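Here are the chains, one letter per residue:
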Amino acid sequence: MDKLLIVTKNDVISDKSSIGRKVLNQYRAFSEKFDAYLMSISENRIIFIHKNKNKVVAEFDFWFKTMTEFYRCVNECVIKYKIPYVFIRYPMADPLFIKMLKKISKTSRIIIEIPTYPYDNEIKNYGDTFKNRLAYYVDRISRRKLKKYVYKIATYSEDKIIFGVPAFQVYNAVFVDDIKPREIRENDGSIHIIGVAEMQQSHGYDRIIEGLSEYYKNNNEKEVYLHLAGEGHEKKNYEALVKKYSLEKYVIFHGYCIGDELEELYNNSDLAVETLGLHRQGIDMSSSLKSREYLSKGIPMITSVKIDILPENYKYVLKVEENDNPVDINKVVDFYNSIYIDEKNDVINDIRKLAYEKCDILKALEPVKERFYE
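None of these values were measured; they are calculated from a predicted model.

Calculation rules
Residues numbered from 1 in each chain as written. Predicted model: local features only at pLDDT ≥ 70, side-chain atom pairs only at ≥ 80, totals over all residues. Heavy atoms only, no water. Helix = DSSP H or I, 4+ residues; strand = E, 2+ residues; numbered from the N terminus. Buried < 20%, exposed > 50% of the residue type's maximum accessible area, 1.4 Å probe, protein only. Pairing = 2+ DSSP bridges. Core = buried A, V, L, I, M, F, W, Y, C linked by side-chain atoms within 4.5 Å. Contact = heavy atoms within 4.5 Å. Expected span 1.5 Å × (residues − 1). Arc of directions from axis to C-beta. Patch = residues over 30% accessible without salt bridge, like charges linked within 9 Å, V, L, I, M, F, W, Y side chains within 5 Å. Areas by Shrake-Rupley, 256 points an atom, 1.4 Å probe, with all protein chains shown as cover. Salt bridge = Lys/Arg side-chain N within 4 Å of Asp/Glu carboxyl O. Lys, Arg positive; Asp, Glu negative; His and termini not counted. Charge placed at Lys NZ, Arg CZ, Asp CG, Glu CD. Right-handed = clockwise from strand over helix to strand, strands pointing away. Phe/Tyr/Trp six-rings, centres within 6.5 Å; stacked < 30°, edge-to-face > 60°.

1. Quick look at unusual backbone geometry
Going from Y117 to P118, the amide bond is cis rather than trans, its omega being -5°. At E43, a residue that is not glycine, the phi angle is positive and equals roughly 50°. Residue position: E43 is located in the loop between β2 (35-42) and β3 (45-50). For E43, a relative accessible area of 59% gives the class exposed. Non-glycine residue M92 carries a positive phi angle of around 80°. Here M92 shows up in the loop between β5 (85-89) and α3 (95-104).

2. Looking at the sheet that holds strand β6 (residues 109-114)
The sheet built from nine strands is open, its strands ordered β4-β3-β2-β1-β5-β6-β7-β9-β8 with mixed pairing. Each end of this open sheet is capped by a strand with a single partner; those strands are β4 (53-59) and β8 (161-162). Strand direction decides the pairing type here: β8 and strand β9 (residues 165-169), joined by two bridges, are antiparallel. Bridge assignment links I162 to a residue of β9, and that residue is V165.

3. Observations concerning the nonpolar core
I193, I208, V224, L226, L271, L310 and I329 are the most contacted members of the largest nonpolar core, which has 61 residues in total. The contacts of V224, once residues within four sequence positions are left out, are I191, I193, L212, Y215, Y216, Y250, I329 and V333. By size, the runner-up hydrophobic cluster in this structure holds 39 residues, among which are L5, V7, I41 and V150.

4. Notes on the environment of K180
Along the polypeptide, K180 turns up in the loop between β9 and β10 (191-196). Residue classification places K180 among the exposed positions, given a relative accessible area of 53%. As for K180 and K297, which are separated by 117 residues in sequence, their C-alpha atoms are 6.3 Å apart. Sequence-distant contacts of K180, that is, excluding residues within four places in its chain, are made with E263, K297 and R352.

5. Remarks on helix α5 (residues 130-142)
With 13 residues, α5 extends 18 Å between its outermost C-alpha atoms, agreeing within 8% with the 18 Å of an ideal straight helix rising 1.5 Å per residue. For α5, the complete set of buried residues consists of N132, Y136, D139 and S142. For α5, the angular spread of the buried residues around the axis is 130°, confining them to a single face.

6. Quick word on a positive patch on the surface
Where like charges cluster on the molecular surface, the positive patch consists of K99, K102, K103, K106, K145, K147 and K148. Within the residue set of the positive patch, elements represented by two or more residues are α3 and α6 (146-149). A total of three residues in the positive patch trace back to one element, the largest contributor, which is α3. Examined against the element boundaries, K103 turns out to sit in helix α3.

7. Topic: the pairing of β6
Regular strands place side chains that alternate from one sheet face to the opposite one. Counting buried residues in β6 gives five out of six residues, a clear majority hidden from the surface. Pairing analysis gives five bridges linking β5 to β6, with the strands arranged parallel. Bridge pairing links R89 to E113 in β6. What joins β5 to β6 is α3, and the crossover it makes is right-handed. As paired strands, β6 and strand β7 (residues 152-155) are joined by four bridges and run parallel to one another. Paired with I112 across the strands is I153, a residue of β7.

8. Side note on the pattern of salt bridges
A full pass over the atoms with the stated rule returns 25 salt bridges. Two residues, R72 and E69, come together in a salt bridge whose shortest N-O distance is 2.3 Å. Here R72 pairs with E69, and both are found in helix α2 (residues 63-80), just three residues apart, close to one helical turn. On the basis of relative accessible area, R72 is assigned to the partly exposed category, the value being 39%. By relative accessible area, which is 15% here, E69 ends up buried. Here R72 makes a salt bridge to E76, at a shortest N to O gap of 2.9 Å.

9. Quick look at the packing of aromatic side chains
Counting across every chain of the model gives 24 aromatic pairs. Between Y117 and F163, the ring centres sit 5.7 Å apart and the planes meet at 85°, which makes this aromatic pair edge-to-face. Note that Y117 is positioned in the loop between β6 and α4 (123-126) and F163 in the loop between β8 and β9, a separation of 46 residues in sequence. Its relative accessible area of 22% is what places Y117 among the partly exposed residues.

10. Some points on the pairing of β10
For β10, a buried count of six out of six residues is recorded, marking the element as mostly surrounded by other parts of the structure. By the bridge criterion, six bridges tie β10 to strand β11 (residues 224-229) in an arrangement that is parallel. If you follow H192 over to β11, its bridge partner there is Y225. Assessed by its sense of winding, the connection that carries the chain from β10 through helix α7 (residues 205-217) to β11 is right-handed. Here β10 runs beside strand β13 (residues 271-273); their pairing, made up of two bridges, is parallel. Considered in β13, the bridge of I193 is made with L271.

Here's what the structure looks like:
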């Protein structure tokens, strides 16, 4: 079995976000096709995983030293274990990253996964600070050299060339069997909407909060609730909007939720918000991990952009306008009424059936394997 090294700066050990889980799922799926290794960073410790056993390779007090040692460990791993294939989750480029690519490209075929492209506007999501502006400036200079060392780029966009490197399309995926379908909520006349995300400007939850404000001004009888699970840069802005419009009863912030707590939220929800603000980054199609999780849960979605794996006019998706206008909650109510004519269990089963067909991870990673073996 050929050897493959997965490289990511994302914390796969203690990270509460979905990114760490995604990388571990990739490792698990790749392990069925390769003798897979994984190198990651967790709280300034370098973590090395092989055959589902992890060990701490090194530990440092500050970030730059950790990154220098991290890339050295990647080089060392490639040489020591004679690894021909390297799959890297793109961390943004800098001279240290380019130096590592130059070394390992001499013996290995490299594919880089870029989770979001284009991403230059993402600085808005993480704060327009001097540190972030500098990181993006260094990236724009350094990424010009990617074409010298990278074989292919795996992208969730439809681009064929990125930074001068041939690109091919992949899609986010999950182990559908690992995700329990939600249970049926007893109909009490209200509608409960869930949003699960590390809150960023691109999620656009402000639009649905503004929409709820307009909705309740008109004394509508059906109660609509929004449940937000997660943290993130935008959370304080969402909280300020809720306070401004006195929506504390209808918009509930649950913080990070995992395990039984998250399961309970899903079981008490009728609809889910995918993304309402990707237009702010100039992106018109979503390949988000949470859309896969929603599908696997069997929950209908609200989105402002096309979801890559879904057919046009899919009946369990409400598509709203790609702008900053408040979401029309009356349309959300109409959507709810139109899809829950049948038994809710039929809705769950129908959506989950599509999840097996479209976003199971073992199918999703086949294009990567094919490109490695070209």
